[in-house]
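Spelled out, the chains give:
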Amino acid sequence: MGAMPEEIEGLVDLMANVTEVNIGMRTYYSGTLNGNKVVVVFSRWGKVAAATTVTTLVLHFGITELLFTGVAGAVDAGLNIGDVVVAQRLVQHDMDARPLLPRFEVPLLQKTYFETDEALRARAVKAVEYLVESRHLHQLTENRFLQKFGIEKPAVYTGDIASGDHFFSNAAAKHRLVEMLPHTLCVEMEGAAVAQVCYEYRIPFVVIRTISDTADEHSPLDFPLFVRHIASRYSVAVVKAMVS
Ligand code: ADE
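Right, let's walk through the structure included here. (Residues numbered from 1 in each chain as written. Predicted model: local features only at pLDDT ≥ 70, side-chain atom pairs only at ≥ 80, totals over all residues. Heavy atoms only, no water.)

## Some words on the environment of Leu 177
With respect to the helices and strands, Leu 177 occurs in helix α6 (residues 171–180). A relative accessible area of 3% places Leu 177 in the buried class. For Leu 177, the contacting residues outside a window of four places in its chain are Val 75, His 93, Ala 162, Phe 168, Thr 184 and Val 187. (Helix = DSSP H or I, 4+ residues; strand = E, 2+ residues; numbered from the N terminus. Buried < 20%, exposed > 50% of the residue type's maximum accessible area, 1.4 Å probe, protein only. Contact = heavy atoms within 4.5 Å.)

As structure tokens, this is what we get:
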């Protein structure tokens, strides 16, 4: 599952025996990738959209594991545009059922953080490291795009991702988040919702995000250009390397 339509197109191009099914305003592509049975779909944006899409993958398509890719805004100051974050844990930063429950705790689950699958996480880190070391990621796009976004050698990080129905575009909001959730590496709008559904249905999953911006007003980013020429190509290469 991907949070960018461009990465879905790129993956479908690599699949064999593709069939399409439309359910609930989403197109699910089934087929094989490197000989493995896969279903590929655009999550759409936000927690509800992503949770609904995962539920269909589980109940209609019977998936047994899930890889979720997309972009994220950097919260940790050490991250650079083009770096890749493999989630260790995901938290819903807009969940707040106080005074009934502690802030961020998901009702009825007694959980604040959802952990990704250890084996999938290791496979994702290995795949990204290999693609960086072999300079494969550099070959996926033109130098002028790498230069435009200041990408030299992407780094891979493992850690916490915070998700919620909010696009971070100012530093004050970002700093408020860091005060509350200091271990957060990056923010996005779907991962922790996907994580909750996978937890409830016991589906091993991992979330892999390319840093697209600094989650504040200083981000000089041409978002569509970054997605088309960098992030979606990274995602396709990483998933292809993981599904082999
Ligand atoms: N996904 C990519 N960048 C983001 C941001 N700044 N806030 C939330 N989700 C994002």
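Here the narrative resumes.
## Focus on helix α1 (residues 5–14)
Those residues of α1 that fall on the buried side of the exposure criterion are Glu 7, Ile 8, Leu 11 and Val 12. Buried residues of α1, seen end-on, are gathered within an arc of 135 degrees and therefore sit on one face of the element. Pointing more than 90 degrees away from the buried face of α1 are the exposed residues Glu 9 and Asp 13. (Arc of directions from axis to C-beta.)

## A word on the site of the ligand
Surrounding the ligand, one finds Val 71, Ala 72, Gly 73, His 166, Phe 167, Phe 168, Val 187, Glu 188, Met 189, Ser 212, Asp 213 and Ala 215. Within the backbone of Gly 73, an N or O atom sits 3.3 Å from a nitrogen atom of the ligand. Between the ligand and Asp 213, the relevant distance is 2.6 Å, taken from a nitrogen atom to a side-chain nitrogen or oxygen of the residue. With the chains in place, 96% of the 260 Å² that the ligand exposes on its own is no longer accessible. (Near = heavy atom within 4 Å. Polar contact = N/O pair within 3.5 Å; in protein donor to acceptor, adjacent residues only side chain to side chain. Areas by Shrake-Rupley, 256 points an atom, 1.4 Å probe, with all protein chains shown as cover.)

## Thoughts on the sheet that holds strand β2 (residues 26–33)
In space, the 3 strands of this open sheet follow the order β1-β2-β3, with antiparallel pairing throughout. Edge positions in the open sheet fall to β1 (16–23) and β3 (36–40), since each of these has one partner strand only. Neighbour-to-neighbour, the strand axes of this sheet turn through a mean angle of 20 degrees, independent of strand direction. Bridge analysis of β2 against β3 gives 5 bridges, and the strand direction is antiparallel. Note that in β3 the partner of Leu 33 across the bridge is Asn 36. Its contacts with the sheet place helix α2 (residues 47–59) against β1, β2 and β3, and it is angled at close to 50 degrees to β2. (Pairing = 2+ DSSP bridges. Axes fitted to C-alpha atoms, helices over the stretch in contact; angles between N-to-C directions.)

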